[in-house]
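Read off the chains here:
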Amino acid sequence: MTPNKYYFYRNPLFKVYATIQNGFVKMDTEGLVSPVFKTLVKDLMQMFDGTKPSKVGSDRLIYSTWMPPIPSKPFDRLVSSQLGNIRGKYIPEQLTISITEDCPNKCLHCALPDTSNRAKLEPNVVRSIIDQAQDLGTTLIIFDGGEPLLYAGLEGLISYVDPQRAIPGLFTSGVGFTKERAQCLKEAGLYMLSVSLDSANEEGHDLMRGRAGVFKDAMSAIRNGIEAGLLVNMYVVISPRNIHELDDFYKLARETGVHEISFFEIVPTGRWLERTNEVLSAEDRKKFDDFVLRANDSDGPRIFPIPHIVEKMGCFAGRKWLHITPEGNVWPCSCLPLSYGNIHDDNLRFIWKKITNDTTFIGGKCLMRNSEFRRIRLGLND
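Caption draft 1: Region of the structure containing the overall build of the chain. Helix and strand counts for the chain come out as 13 helices and 14 strands. In terms of C-alpha radius of gyration, the chain reaches 20 Å, essentially the compact-globule figure of 21 Å for 382 residues. Here the chain holds 382 residues, and the buried ones make up 53% of them. Long-range contacts, defined as pairs at least 24 residues apart, comprise 66% of the intrachain contacts of the chain with a sequence gap of at least 6. Surface exposure of the chain reaches about 17500 Å², of which carbon and sulfur atoms provide 52%.

Here it is as structure tokens:
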């Protein structure tokens, strides 16, 4: 039986496609000019080749919950932006919008201000942001907070995202994500649900989140999301506190049936700026590297190892990622509290140009892990 071909790119003379062999992606090319052009996209193909996809269908491939389906119009736009990167042209492929600071949790690592005066973005402002981002070429728009599920009118914002240009995602702790809410959000067009976990056990997660019951909320959200037909990602920030739980996280991901589990290395930001000893040691990173190799060979869900991606491709801040705070400030990423403008005063294209003109963002290592950068650019002393 001939395996299905999922086309990443195609024109009359050259095509790039994937097949799935024994559960893993196999990249190849075809077409009259394939021998010449194959070398130009070699690096991009290597990103996918030999890796595990999130979900395989007969007519489309979900490589990752972080990417549009293949084939689709948003994925075509993503490919176009990747080809632009080769020429030095950068597009904010991913946009995170913190629509509200409202949240029932009191997380130890929260980057939001500890205040009762909670800011939020008005719906008309968020819609304008969505329009501007899509015009720039953004293909993934994620709503976060605070807790975005507390935002009145969330479904309307999700449905406003143009499915021909971008996919909408939601970052949540799971609070209030009932079966009914999951179905409403699915009908509104929600593509990806990302549920945050700080520990694979109830006691540890609730302690980090500062509220009893938040682990149960997260598990319920995962179940309800999968039942509603959403793509579900389990999002884990690894730190010295939970590095010993890697296999437990993966076991939980397998048992719950999530499509992907993403690991992000802790960054000195928010309240963690006061606790820079919380960053991973060389031994911790070795544990993570060994775990990824071991888990990738199993039959569990796809792993999205963000530290490894950043090591290969460089930091996304100011090159592929934009973040907007509930006050409207535009940051290069959600972990880097350096505003280049405010959406209430300037348009997004103007602000993005300011960021990309800043030679600080060259795609190297995470700037927030650099104490000199934090001291000089942010005025922060460890």
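Caption draft 2: Expanded view of the packing of aromatic side chains. Evaluation of the coordinates by the stated rule reveals 17 aromatic pairs. Look at W66 and F171: their rings are 6.0 Å apart centre to centre, the planes differ by 55°, and that puts the pair in the tilted class. Placement of W66 in the loop between β5 (61-62) and α3 (73-86) and of F171 in strand β8 (residues 167-172) is noted, with a sequence separation of 105 residues between them. For W66, a relative accessible area of 13% puts it in the buried group. An aromatic cluster is present here, built from W66, F171, Y235, F264 and F304 joined pairwise through their rings. Between K120 and the ring centre of Y151, over which it is positioned, the NZ or CZ distance is 6.0 Å. The aromatic ring of F316 is capped on one face by K320, whose charged end is 6.0 Å from the ring centroid.

Caption draft 3: Geometry of the packing of helix α9 (residues 246-256) against helix α10 (residues 282-296). Relative orientation of the contacting elements α9 and α10 amounts to 30°, with a least axis distance of 10 Å. The angle between α9 and α10 falls in the class roughly parallel. Viewed along their axes, α9 and α10 form a crossing whose handedness is right-handed. On the side of α9, the interface is formed by L246, D247 and Y250, while α10 contributes K287, F288, F291, R294 and A295. When the residues that make up the contact of α9 with α10 are grouped by side-chain class, the tally is five nonpolar, no polar and three charged.

Caption draft 4: Highlighting the sheet that holds strand β13 (residues 321-324). If you walk across this open sheet you meet the nine strands as β12-β11-β10-β9-β8-β7-β6-β13-β14, and the pairing is mixed. The open sheet has two edge strands with one neighbour each: β12 (302-305) and β14 (330-331). Note that strand β6 (residues 94-98) and β13 share four bridges and pair parallel. Bridge pairing in β13 places T96 opposite H323.

Caption draft 5: View of the sheet that holds strand β2 (residues 14-21). Spatially, β1-β2-β3 is the arrangement adopted by the three strands of the open sheet, whose pairing is antiparallel. Either end of the sheet is taken by a strand with one partner, and the two such strands are β1 (6-11) and β3 (24-30). Taken pair by pair, the neighbouring strands of this sheet meet at an average axis angle of 15°, ignoring direction. The sheet contact formed by β1 and β2 spans five bridges and is antiparallel. Looking at the pairing, R10 lines up with K15 of β2.

Caption draft 6: Geometry of the packing of helix α4 (residues 123-136) against helix α12 (residues 348-356). Packing of α4 against α12 brings their axes to within 9 Å, and their N-to-C directions diverge by 55°. Our classification of the angle between α4 and α12 gives oblique. Residues I129, Q132, A133, D135 and L136 of α4 lie in contact with α12, whose contacting residues are L348, R349 and W352.

Caption draft 7: How the structure looks around the pattern of salt bridges. Applying the stated criterion across every chain, the model contains 17 salt bridges. For R294, the salt bridge is made with D247, and the minimal N-O distance between the two is 2.8 Å. Of this pair, R294 sits in helix α10 while D247 sits in helix α9; the two residues are 47 residues apart in sequence, bridging distant segments of the chain. Judged by relative accessible area, R294 falls into the partly exposed class, the value being 43%. For D247, a relative accessible area of 43% gives the class partly exposed. A cluster of three or more residues bridged by salt bridges with shared partners is formed by D135, D162 and R165.

Caption draft 8: Summary view of the nonpolar core. Grouped together as the largest cluster of nonpolar side chains are 91 residues, with contacts concentrated most on I97, F143 and F263. Those residues in contact with I97 that sit more than four places away from it in its chain are L121, V126, I129, I130, I141, I142, F143, D144 and I324. Among the nonpolar cores identified, the runner-up in size contains 17 residues, and V25, M27, M45 and I70 belong to it.

Caption draft 9: Structural context of a nonpolar patch on the surface. Where nonpolar side chains cluster on the molecular surface, the patch consists of V36, F37 and L40 and spans about 300 Å² of accessible area. You can see F37 is positioned in helix α1 (residues 34-37).

Caption draft 10: Here's a closer look at the environment of R369. You can see R369 is positioned in the loop between α12 and α13 (371-376). By relative accessible area, which is 32% here, R369 ends up partly exposed. Residues R369 and P268 lie 101 residues apart in sequence; the distance between their C-alpha atoms is 6.5 Å. If sequence neighbours within four positions are ignored, R369 has contacts with E265, I266, V267, P268 and R374.

Criteria and thresholds
Residues numbered from 1 in each chain as written. Predicted model: local features only at pLDDT ≥ 70, side-chain atom pairs only at ≥ 80, totals over all residues. Heavy atoms only, no water. Helix = DSSP H or I, 4+ residues; strand = E, 2+ residues; numbered from the N terminus. Rg over C-alpha atoms; globule rule 2.2 N^0.38 Å. Buried < 20%, exposed > 50% of the residue type's maximum accessible area, 1.4 Å probe, protein only. Contact = heavy atoms within 4.5 Å. Areas by Shrake-Rupley, 256 points an atom, 1.4 Å probe, with all protein chains shown as cover. Phe/Tyr/Trp six-rings, centres within 6.5 Å; stacked < 30°, edge-to-face > 60°. Lys NZ or Arg CZ within 6 Å of the ring centre and 35° of its normal. Axes fitted to C-alpha atoms, helices over the stretch in contact; angles between N-to-C directions. Parallel < 35°, antiparallel > 145°, perpendicular 65-115°, else oblique. Left-handed = near helix turned anticlockwise from the far one by under 90°. Nonpolar A, V, L, I, M, F, W, Y, C, P; charged D, E, K, R; others polar. Pairing = 2+ DSSP bridges. Salt bridge = Lys/Arg side-chain N within 4 Å of Asp/Glu carboxyl O. Core = buried A, V, L, I, M, F, W, Y, C linked by side-chain atoms within 4.5 Å. Patch = residues over 30% accessible without salt bridge, like charges linked within 9 Å, V, L, I, M, F, W, Y side chains within 5 Å.

Note that every value here comes from positions in space, so none of it alone points to a role or purpose.
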